[in-house]
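The primary structure of each chain is shown beneath.
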Amino acid sequence: MITYSEKNRTIKLDTPGTSYVLGIREGGFLLNLYYGRRLPDDNLWPLAKRLNSASFSPCDPDDTSFSADVAPMEYPTNGRGDFRVSALAVRGKDGNSVTDLRYVSHRIFAGKPDLPGLPHLYVTDDSQCDTLEVTLRDPYTGLEAVLVYTAFCDCDVIAKHVRLTNRGGKEVKLERAFSSCVDLPCMDYDLITLWGRHVKERQLERRPLAHGLQGIQSKRGSSSHSHNPFAALAHSGATETAGDVYGFNLVYSGNFAITAEVDHDATTRVIMGIAPTDFCWLLAPGESFVTPEAVHVFSAEGLGGMSRTFHRCYDEHLIRGRWKKEKRPLLINSWEAAYFDFDTDKLISFAERAKELGIEMLVMDDGWFGKRNDDTNSLGDWFINEKKLDLGRLVDTVHAMGLKFGIWYEPEMISPDSELFRAHPDWCVHVPGRTPSIARQQYVLDVSRADVRENVFSQMRDVLGRYPIDYVKWDFNRNISEAGSALLPPERSGEFFHRFVLGTYELQDRLTREFPDLLLENCSGGGGRFDPGMLYYSPQIWTSDNTDPIERLNIQFGTSLCYPASVMGAHVSACSRTGYRTKGDVALWGTFGYELDPNKLSDDEREIVKEQVGEYHKYYSLIHEGSLYRLISPWDNAFVCAWSFVSEDRRDALVTVVRIREQDNTLFRLKLQGLDADAIYTVEETGERFSGALLMFAGLEMTDCARHDGESCKLHLIAE
Ligand code: GLA
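Residues numbered from 1 in each chain as written. Predicted model: local features only at pLDDT ≥ 70, side-chain atom pairs only at ≥ 80, totals over all residues. Heavy atoms only, no water.

## So, helix H4 (residues 391–400)
Rules: Think of it in three bands: residues with accessible area under 20% of the maximum for their type are buried, residues over 50% are exposed, and the middle band is partly exposed, with areas taken using a 1.4 Å probe on protein chains only. Comment: elements are numbered from the N terminus, with helices defined as DSSP H or I runs of at least four residues and strands as E runs of at least two. The arc in question is the one traced by the directions running from the helix axis out to the C-beta atoms. A contact between two residues is defined here by any heavy atoms of the two lying within 4.5 Å.
Buried residues of H4: Leu391, Gly392, Leu394, Val395 and Val398, and no others. Along H4, the residues classed as buried sweep out an arc of 165° about the axis, all on the same side. Projecting away from the buried face of H4 at angles above 90 degrees are the exposed residues Asp396 and Ala400. Buried residues in H4 make contact with helix H3 (344–357), strand S22 (361–364), strand S23 (404–409) and helix H6 (450–466). Gly402 lies just past H4 and shows a positive phi near 95°.

## Examining the packing of helix H9 (residues 549–559) against helix H10 (residues 580–587)
Just so we agree on the cut-off: Between the N-to-C directions of two axes lies an angle of 0 to 180 degrees, each axis being a line fitted to C-alpha atoms and, for a helix, fitted only over the stretch in contact. For classification purposes, an angle smaller than 35 degrees is called roughly parallel, one larger than 145 roughly antiparallel, one from 65 to 115 roughly perpendicular, and anything else oblique. Handedness of a helix crossing follows the sense of rotation of the near helix relative to the far helix, less than a right angle counterclockwise being left-handed and clockwise being right-handed. Just so you know the grouping, Ala, Val, Leu, Ile, Met, Phe, Trp, Tyr, Cys and Pro go in nonpolar, Asp, Glu, Lys and Arg go in charged, and all remaining residues, Gly too, go in polar.
It is at 10 Å that the axes of H9 and H10 come closest, and there the two elements cross at 15°. In terms of axis orientation, H9 runs roughly parallel to H10. Considering how the two elements wind past one another, H9 and H10 form a crossing that is left-handed. On H10, the residues that touch Pro549, Arg552, Leu553 and Gln556 of H9 are Thr582, Lys583 and Val586. Per-class residue counts for the contact of H9 with H10 are 3 nonpolar, 2 polar and 2 charged.

## Concerning empty space enclosed by the protein
Stated precisely, the cut-off is as follows: Think of a 1 Å grid over just the protein atoms. A cavity is a set of points where a 1.4 Å probe fits yet cannot get out, a pocket is an open set with protein on both sides within 12 Å along at least five of seven lines, and lining residues have an atom within 4 Å of a point. Grid points are joined across faces, edges and corners, and a volume is the space filled by probe spheres set on the points.
Counted under the stated rule, the structure contains 9 cavities of 30 Å³ or more. Counted as a void, the largest cavity has a volume near 150 Å³. In terms of lining residues, the largest cavity is bounded by 15 residues, among which Met73, Tyr75, Thr77, Asp100 and Leu101 are the most central. Of the residues assigned to the lining of the largest cavity, the class counts are 8 nonpolar, 3 polar and 4 charged. Lining the second largest cavity are Thr547, Pro549, Arg552, Gln556, Ala570, His571, Val572, Ser573, Lys583, Val586 and Ala587. Elements that contribute at least two residues to the lining of the second largest cavity include exactly H9, strand S30 (571–573) and H10.

## Brief notes about the packing of aromatic side chains
Test applied: Side-chain rings of Phe, Tyr and Trp, where Trp is taken by its six-membered ring, are said to pair if the distance between their centres is within 6.5 Å; with planes under 30 degrees apart they count as stacked, over 60 as edge-to-face, and otherwise as tilted. By the criterion adopted, a ring carries a charge over it if an Arg CZ or a Lys NZ lies within 6 Å of its centre and within 35 degrees of its normal.
Across all of its chains, the model carries 36 aromatic pairs by this definition. Between Trp589 and Phe645, the ring centres sit 6.4 Å apart and the planes meet at 80°, which makes this aromatic pair edge-to-face. You can see Trp589 sitting in the loop between H10 and strand S31 (593–595) and its partner Phe645 sitting in strand S33 (residues 640–646), a full 56 residues away along the chain. Neither Trp589 nor Phe645 differs from the other in exposure class; each is buried. Taking the ring centre of Phe476 as reference, the NZ or CZ of Arg529 above it sits at 4.2 Å. Its guanidinium or amino end placed over the ring of Trp542, Arg552 lies 4.9 Å from that ring's centre, counting from NZ or CZ.

## Looking at the layout of surface pockets
In this model, the largest pocket occupies a volume close to 630 Å³. Along the wall of the largest pocket there are 30 residues; nearest its centre are Arg312, Asp315, His624, Glu625 and Gly626. Looking at the lining of the largest pocket, the elements with two or more residues in it are helix H1 (302–317), helix H11 (603–625), strand S32 (627–632) and S33. Considering each element in turn, the lining of the largest pocket owes the most residues, 6 residues, to H1. Tallied by class, the residues present in the lining of the largest pocket amount to 10 nonpolar, 8 polar and 12 charged.

## A short note on the sheet that holds S31
Test applied: At least two bridges found by DSSP between two strands are what make those strands a pair.
Pairing is parallel in the open sheet, where 9 strands are placed in the order S29-S28-S27-S26-S23-S22-S21-S31-S30. Each end of this open sheet is capped by a strand with a single partner; those strands are strand S29 (568–569) and S30. With 4 bridges joining them, strand S26 (residues 471–474) and strand S27 (residues 519–522) adopt parallel strand pairing. Bridge pairing in S27 places Trp474 opposite Asn522.

Here you go:
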């Protein structure tokens with residue numbers, strides 16, 4: 001709900017449990033008066049009494065009681081007396097980047113508008129949210145900023161983005177154009193971020209805020225393995241189960257920055273959006289630029305509460321299409337089973353064995369196109385390698401067995417050794433006069449260009465339109481250097497990175513529109529582009545190339561901070577660190593599948609796989625629609641890790657425990673969360689009966705479960 005008080009000149013955005021309050025001050029300054037737990041008050045100006053400071057903070061020339069350097073600014077600009085990090089810097093024709101935005105008008109309406117060309121949260125009915133648009137204008141350059149906010153009615157989420165339009169008569173350059181800013185009145189927070197690298201994605205890091213600048217960014221051309229476009233500010237004492245936490249996530253797959261600054265007054269500013277490094281956007285008179293959308297969550301119930309809000313929101317308001325609600329097929333992927341070494345018969349043999357095990361889809365990974373038998377060539381040549389493969393026979397045979405069939409693509413790449421590169425050497429991302437750097441033997445294809453996109457899409461359409469293919473795995477296996485396009489004039493070269501991302505979005509949009517039944521899974525060397533932008537097009541993303549179940553604990557715990565189980569690609573592989581039971585128990589926390597040669601399974605392993613397939617079906621709705629409770633995190637405990645899924649009505653729960661390292665003779669009681677204290681639960685595996693209160697407050701005695709290194713155990717609780 002969004003309400004405007006004419007008397008107080010405040011706008012209040014309420015979600016079920018949070019309030020976000022803007023104040024319009026004399027002079028047209030837009031302030032952030034409050035963000036946090038929901039409040040009933042309609043006048044929050046007393047929270048912003050102190051709006052000027054010592055002489056070193058410049059004041060508004062028309063009102064010396066106001067200094068933007070001290071005030072909680074809603075969308076702070078550069079060079080006009082606020083010396084903290086700014087959200088917007090616009091350089092005019094006269095050469096300076098002083099930017100000053102003042103309130104013009106606002107409007108409130110039900111529903112949520114689309115962001116053209118950009119992924120975003122959506123609603124299916126206007127009654128699910130309210131939207132506020134506040135129009136600000138720089139009186140000198142004529143730049144107009146429309147700040148767009150959506151407050152959701154079914155979850156504690158506020159989405160924000162900004163539409164910038166040049167209403168002046170001269171060209172301007174956007175040198176930074178962030179999506180959002182939040183100014184908080186203290187610095188007693190820990191900054192939580194997810195760092196990583198290939199095969200070690202989304203590792204949680206928590207550090208107390210310190211004076212000055214801190215934060216994360218990507219300049220790799222993708223959101224990247226190195227940092228996820230997510231951050232949380234957890235009140236210093238906040239834990240998994242209690243305390244105030246703000247969660248921030250950017251719906252974007254390219255270069256981003258999330259920056260926190262603590263100033264000399266110990267206030268904290270958080271901005272997030274496109275990274276200003278390597279970004280500059282020219283706006284001719286009349287032109288507009290739309291920033292990506294930023295998602296904000298506040299929870300007074302610790303990190304667990306924050307995560308569950310993100311999960312519910314993304315399952316409901318981000319994931320789209322047929323596969324939003326439809327059960328995803330349990331797949332087997334050929335990559336770790338065969339790498340490039342396969343042919344039609346080998347893949348058919350995988351499908352035959354998979355069918356016997358109850359697996360529902362075969363995915364043919366890298367190596368089916370051009371002349372590709374290793375990673376040195378053929379990206380860009382998206383036609384079937386007929387020497388290696390009879391795709392028609394393969395798809396028909398697999399379908400005749402009742403299995404679905406999927407295929408791998410890497411559409412944003414081009415191999416120097418490819419027909420496409422020989423025909424169009426200027427189609428790779430490059431800058432004049434420099435030979436592009438090479439990574440994994442490949443260049444990046446310039447999908448910022450419409451003609452290039454047309455070519456790659458029509459090649460994909462030839463294959464996907466000719467064969468009944470059910471699934472595409474869309475990969476992205478290097479980062480972008482020498483960022484430039486042959487078509488961009490020098491004065492627009494700072495636009496390249498964002499135009500590239502828009503090109504990728506357009507391609508994925510086209511693919512999912514033309515093939516609406518296709519299940520799309522994104523991937524980037526595992527989870528190198530695991531962000532809400534990609535999730536708008538694909539309901540699942542391959543979480544990591546690391547399928548070791550113990551390593552996966554940290555990766556999946558980190559990923560779960562803001563991404564739901566329904567989107568996390570998790571497969572059982574042949575890796576030897578633990579037995580198959582643990583591998584399956586860990587992979588069940590995700591979209592589930594196999595990444596191995598099914599011909600090589602022993603009889604015992606085949607039996608375990610059949611049981612796992614049964615469990616996948618049995619627990620599918622609980623895991624995909626239930627709430628996640630992280631019970632013991634691998635960041636806090638080196639020995640044991642545990643999590644659970646609880647159904648919405650709290651009558652059904654699945655608890656999983658993994659012993660990371662054996663701990664002799666140590667008593668282990670596991671306290672559960674999220675149950676109904678008054679209900680009596682039966683443990684399906686043992687027949688024991690306990691109250692929800694006992695399970696949550698005394699804990700379940702589990703000393704003898706999963707005792708040895710790498711063992712796991714699952715308990716299914718059903719309320720009577
Ligand atoms: C990436 C993916 C893998 C596999 C290979 C194929 O690394 O993460 O799963 O698809 O590419 O080259």
